[in-house]
Amino acid sequence: MTMTVEEGWARFFRYGPYALLGLATLLAAVSASLVMTRQEMYAAGALLLAALVLEAWWSRAMPRLLAADAAERAAGAAGAHPGAGAPVLPEGTIAGRVHFTLRTTLAFALTWLNPFFAIYACLGCFDAGHLLPPRAARVGRMVTAVALAGSQSGGLPPTSLTQWVAFGTLFTFNAALAISLDHLGVKEAEKTKKRAETIAALETALAENAALHTQLVLQAREAGVADERRRLAAEIHDTIAQGLTGIIAQLQVVSSTADPALAREHLDRAQALARRSLGEARRSVQNLAPAALEHDTLPEALKKTVSEWSERTGVTARLTVTGTEEPLHDEVAATLLRIAQEALANTGGHARAARAGVTLSYMGDEVTLDIRDDGCGFDPLAAVPRTGSGGFGLDGMRARAERIAGAVAVESEPGQGTAISARVPLVRHG
């Protein structure tokens, strides 16, 4: 399992002091007879024992301080990424400052007695920025630099001019190194903080995106429900409503005539309309193509629709097909057929026309359907608003055409008849 940088530093700060102190003690013991008196050996032993006690106390206190610091950070930064920028040492604590001060003092004293204890003193270069405030951290690193320079120049205090020159040079080098470490520590802290802020911002953005996605899904579902309602409303209007209108018209003729043969003829028509309307209603609910297109092409279905409408209403009507006939996609054909049925129904119910014409034109990349009549006409800008009793047809035709990227245009004037033109893309049957 790969160890992260933070985990590596945490392990170093936990076990490193014991390793460095042990190595320094081993080297100091080997060289003790050369650089130390017996009294200095006893003093070093006492200081070494104190250092071990200090490190043992710090090893027990550090996990508790880190846990308290993590809990405080979590409470103060709700939603922050766990572990992002988490400290490897307890920062800003009195215990940490006491530990650094006592350890640096003990390490300096041990280095004064034996230069090899500078190995233990070098810890101050690594944890000063974590345990102390910025200004105190710089002082701590300078004290550590003195101990290191004294050890490297032959021991403290310097006893000759050459040793003083060496000490000054080495102190300058160690001080510059400490300052560089301090600068790098600040930059690393800023980078860690920025990374934590970036992670928090990304998590916030992800949460917002998740909420937006949920909202979009809900809106799409609502739009789908609304679209299906409009489709069913248009289908019901084009099938059941028109069928019932035709049935009523046939029954009105039956009730007003005394001729049994004529009454029988209109009753048969009413019965046929009822059966057809029931079948269309079922197909509409199942979202199937109109029954007229089940076995016929669009021109054939339009021809039968126009003929039946003309026979039923008594209005002279004719279908004209121009261009090269193409096999159309089911949805395109169904849309044009429904628009023709609705336009003819409007003509038969409101226009009081004597003649009507339907033209289906194949024009390369689009198909147009024109329905004209010589009826009373109307003002399109003052059309009846959609209600339960009227005005649904034009809206329904436009909605059908727009569903397949088409459009419906209406031209009409009072007393000048009406022309409805539907233009849709020519999508061939797949």
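Conventions adopted
Residues numbered from 1 in each chain as written. Predicted model: local features only at pLDDT ≥ 70, side-chain atom pairs only at ≥ 80, totals over all residues. Heavy atoms only, no water. Helix = DSSP H or I, 4+ residues; strand = E, 2+ residues; numbered from the N terminus. Buried < 20%, exposed > 50% of the residue type's maximum accessible area, 1.4 Å probe, protein only. Contact = heavy atoms within 4.5 Å. UniProt positions renumbered as here; feature names shortened; annotations may be inferred. Patch = residues over 30% accessible without salt bridge, like charges linked within 9 Å, V, L, I, M, F, W, Y side chains within 5 Å. Areas by Shrake-Rupley, 256 points an atom, 1.4 Å probe, with all protein chains shown as cover. Salt bridge = Lys/Arg side-chain N within 4 Å of Asp/Glu carboxyl O. Pairing = 2+ DSSP bridges. Axes fitted to C-alpha atoms, helices over the stretch in contact; angles between N-to-C directions. Core = buried A, V, L, I, M, F, W, Y, C linked by side-chain atoms within 4.5 Å. Expected span 1.5 Å × (residues − 1). Phe/Tyr/Trp six-rings, centres within 6.5 Å; stacked < 30°, edge-to-face > 60°.

**Details of the overall build of the protein chain**
Then comes step 1: Helix and strand counts for the protein chain stand at 11 helices and 5 strands.
Then comes step 2: Across the 430 residues in the protein chain, those meeting the buried criterion constitute 36%.
Then comes step 3: In the protein chain, once contacts between residues fewer than 6 apart in sequence are set aside, the share between residues at least 24 apart is 69%.

**Let's talk about the UniProt feature "transmembrane region" (unreviewed entry) in the protein chain**
Then comes step 1: Per the UniProt record, the feature "transmembrane region" (unreviewed entry) sits at residues 12-35 and 41-58.
Then comes step 2: The span residues 12-35 is 100% helix and 0% strand, and its two end C-alpha atoms sit 30 Å from each other.
Then comes step 3: Helix makes up 100% of residues 41-58 and strand 0%. Its end C-alpha atoms lie 25 Å apart.

**As for a nonpolar patch on the surface**
Then comes step 1: Together, W57, I94, V98 and L102 give the surface a local cluster of nonpolar side chains, amounting to about 390 Å² of exposed area.
Then comes step 2: The leading source of residues in the nonpolar patch is helix α3 (residues 94-113), at 3 residues.
Then comes step 3: Mapped onto the secondary structure, I94 falls in helix α3.

**So, the sheet that holds strand β5 (residues 418-425)**
Then comes step 1: Pairing in this open sheet of 5 strands is mixed, and the strands run β1-β2-β3-β5-β4 from one edge to the other. Of all strands in the sheet, those bounded by a partner on one side alone are β1 (316-322) and β4 (407-412). Each neighbouring strand pair of the sheet contributes to a mean axis angle of 10°, computed without reference to strand direction.
Then comes step 2: Bridge count for strand β2 (residues 355-362) against strand β3 (residues 366-373) is 7 bridges, and the pairing is antiparallel. Along β3, the bridge assignment pairs S361 with T368.
Then comes step 3: Sheet strands in contact with helix α9 (residues 298-313) are β1, β2 and β3, and its direction is about 170° off that of β1.
Then comes step 4: Contacts between helix α10 (residues 330-351) and the sheet are confined to β2, β3, β4 and β5, with β3 contributing the most and set at about 10° to the helix.

**Examining the nonpolar core**
Then comes step 1: Core analysis: the biggest nonpolar cluster contains 34 residues, and L298, L328, L336, L360, V367, L369 and V408 have the highest contact counts within it.
Then comes step 2: For this core, the secondary-structure elements that each account for two or more residues are α9, α10, β2, β3, α11 (392-403), β4 and β5.
Then comes step 3: Examining the composition of this core, we find that 9 residues originate from one element, α10, more than from any other.
Then comes step 4: Apart from the residues lying within four places of it in its own chain, the contact partners of V367 are L328, L336, L360, S361, Y362, A422, R423, V424 and L426.
Then comes step 5: In terms of nonpolar packing, the next biggest core, distinct from the first, is built from 23 residues, A51, F117, C122 and L123 among them.

**So, unusual backbone geometry**
Then comes step 1: Looking along the chain, the bond that leaves L156 and enters P157 is cis, with omega of -10°.
Then comes step 2: Within the element layout of this structure, P157 appears in the loop between α6 (134-152) and α7 (161-256).
Then comes step 3: With a phi angle near 50°, R352 is a residue other than glycine that sits in the positive phi range.
Then comes step 4: Tracing the sequence through the fold places R352 in the loop between α10 and β2.
Then comes step 5: By relative accessible area, R352 is classed as exposed at 70%.
Then comes step 6: Phi at A405 is positive, roughly 65°, even though this residue is not glycine.
Then comes step 7: On the secondary structure map, A405 appears in the loop between α11 and β4.

**A look at the pairing of β3**
Then comes step 1: Most of β3 is tucked away, with 6 of its 8 residues classed as buried.
Then comes step 2: Between the end of β2 and the start of β3, which pair antiparallel, lie 3 residues, with G364 showing a positive phi angle near 75°.
Then comes step 3: With 8 bridges connecting them, β3 and β5 associate as antiparallel partners. Residue pairing in the sheet places R372 in a bridge with A419 of β5.

**Considerations on the pairing of β4**
Then comes step 1: Burial along β4 is one-sided: V408, V410 and S412 are buried, and none of A407, A409 and E411, which face the opposite way, are.
Then comes step 2: Pairing geometry for β4 and β5, over 6 bridges, is antiparallel. Bridging across to β5, E411 finds its partner in A419.
Then comes step 3: The hairpin turn running from β4 into β5, its antiparallel successor, is 5 residues long, and G415 in that turn takes a positive phi close to 85°.

**Topic: α10**
Then comes step 1: Its 22 residues give α10 an end-to-end C-alpha distance of 30 Å, which sits within 8% of 32 Å, the value for a rise of 1.5 Å per residue.
Then comes step 2: Remark: R352 follows α10 within two positions and exhibits a positive phi of approximately 50°.

**Quick notes on the packing of aromatic side chains**
How two aromatic rings sit relative to each other is given by the distance of their centres and the angle of their planes.
Then comes step 1: Counted according to the given criterion, the structure contains 9 aromatic pairs.
Then comes step 2: Taken together, a centroid distance of 6.1 Å and an interplanar angle of 45° make the contact between W9 and F126 tilted. Of this pair, W9 sits in helix α1 (residues 5-35) while F126 sits in helix α5 (residues 124-131); the two residues are 117 residues apart in sequence, bridging distant segments of the chain.
Then comes step 3: When its relative accessible area of 37% is taken as the criterion, W9 is described as partly exposed.
Then comes step 4: For the pair W164 and F167, a centre-to-centre distance of 5.9 Å together with 85° between the ring planes defines the contact as edge-to-face. Taken together, the residues W164 and F167, both in helix α7 and 3 residues apart, mark about one turn of the helix.
Then comes step 5: Chaining the aromatic ring pairs together yields one cluster made of W9, F12, F13 and F126.

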